[in-house]
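Examining the three-dimensional arrangement
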Amino acid sequence: MTEKITGAEALMRSLLNEGVETLFGYPGGAIMPVYDALYDYTDRLNHILVRHEQGAVHAAQGYARVSGKVGCAIVTSGPGATNTITGVADAMIDSTPMVVICGQVGAAMLGTDAFQEVDVVNVTNPISKWSYQIRRAEDVAWAVSRAFYIARTGRPGPVVLDFAKNAQTAMVEYKPEKVDFIRSYQPVPTINEEAIEQAAYLINHADRPLLLAGQGIELGNAHQELLDLIEKADIPVGCTLLGLSDLPSDHPLNMGMLGMHGNLGPNVQTNQCDLLIAVGMRFDDRVTGNLNTYAKQAKIIHFDIDPSEFNKNVKVDLAVLGDCKQTLAAVTEKVHRIKHTEWVNSFKPYAEKEYEKVIDKAIHPKEGPLLMAEIIRKVSEATKNEAILVTDVGQNQMFGCRYFKFTKGHSVVTSGGCGTMGFGLPAAIGATFGAPDRTVCLFVGDGGLQMTIQELGTIMEQKAPVKIILLNNNFLGNVRQWQAMFFNHRYSFTPMDNPDFELIAKAYNIPAATVTDRDKLDAEIEKMLTTEGAYLLQCGVLEEDNILPMTPPGANVDEMILEI
């Protein structure tokens, strides 16, 4: 006879059946039966109590991004559920696999405006891969397995399960389920051999190919397949923000970051190449600039697992649908071993110009206050470029992604498409659980830190070893830069009066220090990295530091400003 258990316990067993080890959450009335069941499973499910539901979803994102597993968050109904919306939207646009389980009022009370009732399914439908309400205990095992299958397969993304309280408490004969097929859902499309042949033909006949490497390579674990293709066909590469650790920073074919604050070479050469090969990226407006002039001279091949991305922003000559781990390997078999020495070398003058005009001054300042770039580069070098970079959003993000260097994949955790301030601190916590053997370095501004600063409590309780580098300029720095460049230096509500961050960190039993003196920076970084556990290093930086180069909004991708 099959054992009868509550729907809440069925959730616990279903999570274990999906290989879940770590949960991030916050209890409340409508999810209390689940937390009661969890009480007996803490030896198998590691629950991390956050300090706000937004922290739970961002932590789940950070966990997923570095581990390659599905992140999982559990919250209560009403405000608990709505506090996760930003994280769900962020995960959707950045293709992060995550399952969010929300409590809900009993099925009999749905639609009555009961206490803490919110129509979570309709709220989250537009910003998730799947949103489903569990009204019966009998549906728990199926719904959980389907949720994890949808979240992790194809183009990954967030799934929301709205768990009615009656379904949590009702008894059910539990049988584990494993969903691995959904009619009309084909997560890994069949490879079109003709498209592979055409892609190889275009690559073999190109004189000036340029490959744009996106996060799809990270999500598909296609790092080696990327290397095999570019080294065989001698193709220079530009990386998107979320694809920065697709290949090592020092690889001779890695020409740097694409986009508004990317490197000069790959941006300018986008409008000089004769073949543009986009892999696992979505032609975001921050990468393309003015679409009317973007790569008009080039043939364009787009590799992606999601057919909705083809011709969405940029009209392409060839769409190659499929998992890039498979499609890149298939194309590599058919391309010739070629050398594009002159074309590859043509990137060097742009790199030299950018180094002279921007980079050298940013990382080797001779006087004045500390600069964000020099701090970030020193931290990166002190970790032998092997750490995980987590950023918040703003200048800390752009400086971080420009000046941190990478030797391993799955090393960039940042909010790309949504640009969510407050993302960094909880995401860094999640990253320490997703990759416990690696150093996690969080770069955050004084504005973003205060949006989720309560998660210092999670660090304290969990002893999460996040190395927090606070780049404090007493401004909302990115907005301030735009105000300086486009609004005549009218700093409308961007200066900030800040608290004593060092004192706050110490109140949470987190060791902390403040550095403003360049001569002491190396020693303070070493102290931070060698101190066991978490650490907050506050760096007083130049208030009006600007992140350059920059492609102004609406400008052509190759119209980058190097100096202000």
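Counting restarts for each chain, with residues numbered from 1 along the sequence as it is written. Since the coordinates come from a predicted model, pLDDT governs what is reported: local features require at least 70, and pairs of side-chain atoms require 80 or more to be given and counted, while whole-chain, interface and lining totals use all residues. As a convention, hydrogens and water are excluded, and side-chain values are obtained from all of the structure's heavy atoms.

Secondary structure elements follow DSSP: runs of H or I of four or more residues count as helices, runs of E of two or more count as strands, with numbering from the N terminus. On a plain count of helices and strands, the protein comes out with 24 helices and 20 strands. Its C-alpha atoms give the protein a radius of gyration of 24 Å, within 12% of the compact-globule value 24 Å for 564 residues. With the C-alpha coordinates of the protein rotated into their principal frame, the extents come out at 75 × 60 × 40 Å. The buried share of the protein, taken over its 564 residues, is 60%. Here the radius of gyration uses the C-alpha set of atoms, whereas the globule reference equals 2.2 Å times the residue count to the power 0.38. Buried residues are those whose accessible area, probed at 1.4 Å on protein chains only, stays under 20% of the maximum for their type, while exposed residues exceed 50% and partly exposed ones sit between those limits.

Our next topic: the pattern of salt bridges. Any two side chains of opposite charge can pair if their charged atoms end up close together. Throughout this description, the term salt bridge denotes a Lys or Arg side-chain nitrogen within 4 Å of a carboxyl oxygen of Asp or Glu. A full pass over the atoms with the stated rule returns 21 salt bridges. In this structure, K361 engages E563 in a salt bridge whose closest nitrogen and oxygen atoms are separated by 3.6 Å. Of this pair, K361 sits in helix α16 (residues 348-363) while E563 is found in the segment after β20 (535-540), placing the two residues 202 residues apart along the sequence. Residue class for K361 comes out partly exposed when judged on its relative accessible area of 47%. Residue classification places E563 among the partly exposed residues on the basis of a relative accessible area of 45%. Via salt bridges that share partners, R155, D306, E309 and K312 belong to a single interconnected network.

Let's shift gears to the environment of Y35. Along the polypeptide, Y35 turns up in helix α2 (residues 32-38). In this structure Y35 comes out as buried when scored by relative accessible area, which is 15%. Between the alpha carbons of Y35 and H364 there is a distance of 53 Å; along the sequence they are 329 residues apart. What makes two residues a contact is simply this: any of their non-hydrogen atoms within 4.5 Å. Setting aside residues up to four positions removed in sequence, Y35 forms contacts with G25, Y26, P27, H47 and I74.

Attention now goes to the sheet that holds strand β15 (residues 388-391). Strand pairing in a sheet relies on backbone hydrogen bonds, with the paired strands running either antiparallel or parallel. Strand pairing is assigned whenever DSSP detects at least two bridges linking the two strands. Here we have 6 strands laid out as an open sheet, ordered β16-β15-β17-β18-β20-β19, and parallel in their pairing. With partners counted over all chains shown, the strands left at the sheet margins are β16 (412-413) and β19 (512-515), one partner each. In this structure, β15 lies alongside strand β17 (residues 440-445), joined through 4 bridges in parallel fashion. Directly across from L389, in β17, lies its bridge partner C441. Note on definitions: angles span 0 to 180 degrees between N-to-C directions of axes, and those axes are lines fitted to C-alpha atoms, for helices only across the stretch in contact. Against the sheet, helix α17 (residues 372-382) contacts β17, β18 (466-472) and β20, and its axis sits at roughly 165° relative to β18. The strands that helix α24 (residues 518-530) touches are β17, β18, β19 and β20; relative to β20, the one it contacts most, it runs at about 160°.

Another aspect to go through is helix α14 (residues 324-334). Every α-helical turn comprises 3.6 residues, leaving residues that sit three or four positions apart pointing alike. Listed in full, the buried residues belonging to α14 are C324, T327, L328, A330, V331 and T332. On the buried face of α14, the contacting elements are α9 (193-204), α10 (215-219), α11 (223-233), β12 (275-279), β13 (299-304) and β14 (318-321). Near the N-terminus of α14, the side chain that reaches the backbone nitrogen of K325, with its oxygen 2.9 Å away, is that of D323. Two N or O atoms form a polar contact when they lie within 3.5 Å of each other; inside protein one atom must be a possible hydrogen donor and the other a possible acceptor, and for residues adjacent in sequence the pair counts only when both atoms belong to side chains.

Now for the pairing of β12. With 5 of its 5 residues buried, β12 lies for the most part within the structure. In terms of strand pairing, β12 meets β13 through 5 bridges, oriented parallel. Paired with I277 across the strands is I301, a residue of β13.

This part takes up the environment of F501. Tracing the backbone through its elements, the reader meets F501 in helix α23 (residues 501-507). Overall, F501 belongs to the buried group, its relative accessible area being 1%. Once the C-alpha coordinates of F501 and Q326 are considered, the two residues, 175 residues apart in sequence, prove to be 48 Å apart. Setting aside residues up to four positions removed in sequence, F501 forms contacts with D446, L449, Q450, I453, L470, N472 and Q538.

A few words on the nonpolar core. Ranked by internal contacts, the top residues of the largest apolar core, which has 95 residues, are I203, L211, L276 and F283. In contact with I203, not counting residues within four places along its chain, are L229, A233, I235, L275, I277, I301, V331, V335 and I338. The set of buried Ala, Val, Leu, Ile, Met, Phe, Trp, Tyr and Cys residues whose side-chain atoms join them within 4.5 Å is what this entry labels a nonpolar core.

Detection works on a 1 Å grid of protein atoms alone, calling trapped sets that fit a 1.4 Å probe cavities and calling open sets with protein on both sides within 12 Å along at least five of seven lines pockets, with lining residues defined by an atom within 4 Å of a point. Grid points are joined across faces, edges and corners, and a volume is the space filled by probe spheres set on the points. Estimated volume of the second largest pocket: approximately 630 Å³. Surrounding the second largest pocket, 27 residues form its lining, N254, M255, G256, N263 and K405 being those nearest its centre. Only β11 (254-257), α12 (264-270), α16 and α18 (395-403) provide two or more residues apiece to the lining of the second largest pocket. Each residue gets one of three labels, nonpolar for Ala, Val, Leu, Ile, Met, Phe, Trp, Tyr, Cys and Pro, charged for Asp, Glu, Lys and Arg, and polar for the others, Gly among them. The class makeup of the residues in the lining of the second largest pocket is 14 nonpolar, 6 polar and 7 charged.

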